[in-house]
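Close look at the chain arrangement
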Amino acid sequence: MQAKTFFGFETVLAEELKSLGAADVEIKNRLVEFHGDIGFLYKANYSLYTALRILKPIHSFSAKNEFQLYDRFKKFPWEDYLDLNQTFIIDSTVHSDYFTHSHYASLKMKDALVDRFQEKFGKRPSVDKFQPDVYFNLHISHDKITLSLDSSGESLHKRGYKTEHGKAPINEVLAAGLLKIAGWDGKGNFLDPMCGSGTILTEAALIAANIPPQIHRKRFAFENWKDFDGELFEKIKETRLNRIREFSGKIVGYDINPTMLKIAEENITHADLEDFIEVKMKDFFQSEKDLFPVLIVFNPPYNERIESDNEVLYKAIGDTLKNHYPNTFAWFITSDLSAKKFVGLKPSKKVKVFNGKLECDFLRYDIYEGSKKNSKS
């Protein structure tokens, strides 16, 4: 099987898979390959914080033109995976000189599928772009064709706890990955000083209490598979829920925007995490450290067009950390790759990650008593 993720989180995802019990874990670009049985596939979907989707390859072959592609797919027993009354969708990724258009490759695959059904049964299943029963994934690399079942359906970042997003929300999988890279394990206290709609806070609470990230999700694509074992899935969910643990620290968020704080509170309540998280209307730049020890992870707002605004913002972040947050590890993500030169402190770590298509730096600052003397302007 394959678990897909964002660039920069492959190692984190591999560790998650190993801790769940996956075999033959192998890191690739933006994905991790592994072996497991059908129960493990259910468990991976339900339990992985940093996976976007889980694919199960079911057919592979070589083809160099559309005729070979159509012919091989026409012979494939689609009826083993799809009923006449079910809907389907095909998602395709193509890196090939033989097939230069992903939509066209999908179209040929769809033609082969429906033609086979029409010939065998006199009827054909329909495509549904919005809520299909079965999700197929077509991957073409040069002449290698791989057909997979997408067991997740909608991306696993859609946890089901957000009622509203606010402006430029951070993706849930991205937030969880940043927290894992930062070493957040639920020991100690946590602060997001610019919490926005509360995604980082919510993911921090899920990790701290070992709550399955998909606890609020209504539907996985594998539930429509012909071999779906509902009893096994219920047992797996029950086992994972029994692993939820006590959390004795504090998870706190600040924001100066009352609208965003209201959205954060609604999202946190919808996730049933109001007992774990406290949000306060507070200006980070006027704040002082009041949690000991504390890990800080945040996603500052930034202006992509006016560098001077960013310069002021990142200088203020650096000044606040070194003057008011002694003996603290602080991390933040930014797509302004020049941000670190404005902070006035040297980052102890820089990790390249992507937020969608935006290349970002995830920067760590180790703030000690006296950091101000050692800062670099």
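Structural data are supplied above this passage.
Starting from 1, residues in each chain are numbered consecutively following that chain's sequence as written. Selection of residues for local features in this predicted model requires a pLDDT of at least 70, selection of side-chain atom pairs for listing and counting requires 80 or more, and totals for whole chains, interfaces and linings are taken over all residues. The side-chain quantities take in all heavy atoms of the structure and omit both hydrogens and water.

**A short note on the sheet that holds strand β13 (residues 328-334)**
Strand pairing in a sheet is mediated by backbone hydrogen bonds. Such pairs are either parallel or antiparallel. Here 7 strands make up an open sheet; going across it, the order is β11-β10-β9-β12-β13-β15-β14 and the pairing mixed. Strands with a single pairing partner mark the edges of an open sheet, and in this sheet they are β11 (277-281) and β14 (349-355). Across the sheet, the mean angle separating the axes of adjacent strands is 20° when strand polarity is ignored. For strand β9 (residues 189-192) and strand β10 (residues 251-255), the ladder comprises 3 bridges, and the chain directions are parallel. Residue pairing for β10: F190 is matched across the bridge by I251. Residue contacts are defined here by distance: any two heavy atoms, one from each residue, within 4.5 Å place the two residues in contact. Whenever a helix is involved, its axis is fitted only over the stretch in contact; in every case the axis is a line through C-alpha atoms, and angles between N-to-C directions fall within 0 to 180 degrees. Secondary structure elements are defined from DSSP: runs of H or I of at least 4 residues count as helices, runs of E of at least 2 residues count as strands, and each element is numbered from the N terminus. Sitting on the sheet, helix α6 (residues 199-208) is in contact with β9, β10, β11 and β12 (294-298), with an inclination near 180° to β10. Its contacts with the sheet place helix α8 (residues 258-270) against β10 and β11, and it is angled at close to 170° to β11. For two strands to count as paired, DSSP must find a minimum of two bridges between them.

**Some points on the packing of helix α1 (residues 10-20) against helix α2 (residues 38-47)**
Two quantities define a packed helix pair, namely the angle between the helix axes and the distance between the axes. As a packed pair, α1 and α2 sit with axes 11 Å apart at the nearest point and diverge in direction by 130°. One element, α1, and the other, α2, form an angle in the oblique class. For the crossing formed where α1 meets α2, the hand is right-handed. Contacts between α1 and α2 pair E16, L17 and L20 from the former with F40, K43, A44 and S47 from the latter. Class assignment for the residues of the contact of α1 with α2 results in 4 nonpolar, 1 polar and 2 charged. For this classification, under 35 degrees means roughly parallel, over 145 means roughly antiparallel, 65 to 115 means roughly perpendicular, and everything else is oblique. If you view the pair so one helix is near and one far, a crossing is left-handed when the near helix is turned anticlockwise from the far one by less than a right angle, and right-handed when it is turned clockwise. Side-chain classes follow a simple rule in which Ala, Val, Leu, Ile, Met, Phe, Trp, Tyr, Cys and Pro form the nonpolar group, Asp, Glu, Lys and Arg form the charged group, and the remainder, Gly included, forms the polar group.

**As for the nonpolar core**
What we call a nonpolar core is a set of buried Ala, Val, Leu, Ile, Met, Phe, Trp, Tyr and Cys residues that are connected through their side-chain atoms within 4.5 Å. Summary of the burial criterion: residues with accessible area below 20% of their type's maximum are buried, those above 50% are exposed, and those between are partly exposed, where the area comes from a 1.4 Å probe applied to protein chains only. With 48 residues, the main nonpolar core has L17, F73, W78, F136 and I145 as its most contacted residues. For this core, the element with the highest residue contribution is helix α4 (residues 102-121), accounting for 6 residues. Core analysis: the next-biggest nonpolar cluster, separate from the first, contains 44 residues, L178, W184, A209 and L295 among them.

**As for the pattern of salt bridges**
Note on definitions: salt bridges are taken to be side-chain nitrogens of Lys or Arg within 4 Å of carboxyl oxygens of Asp or Glu. Overall, the coordinates contain 19 salt bridges when judged by the stated rule. The salt bridge partner of K340 is D361, with a shortest N-O separation of 3.5 Å. Taken together, the residues span a long stretch of sequence, with K340 in helix α10 (residues 340-343) and D361 in strand β15 (residues 358-367) at a distance of 21 residues. For K340, a relative accessible area of 28% corresponds to the partly exposed category. Among the charged side chains, a network of salt bridges with common partners joins E26, K28 and E33.

Note that all results are geometric; they support no functional claim without further evidence.
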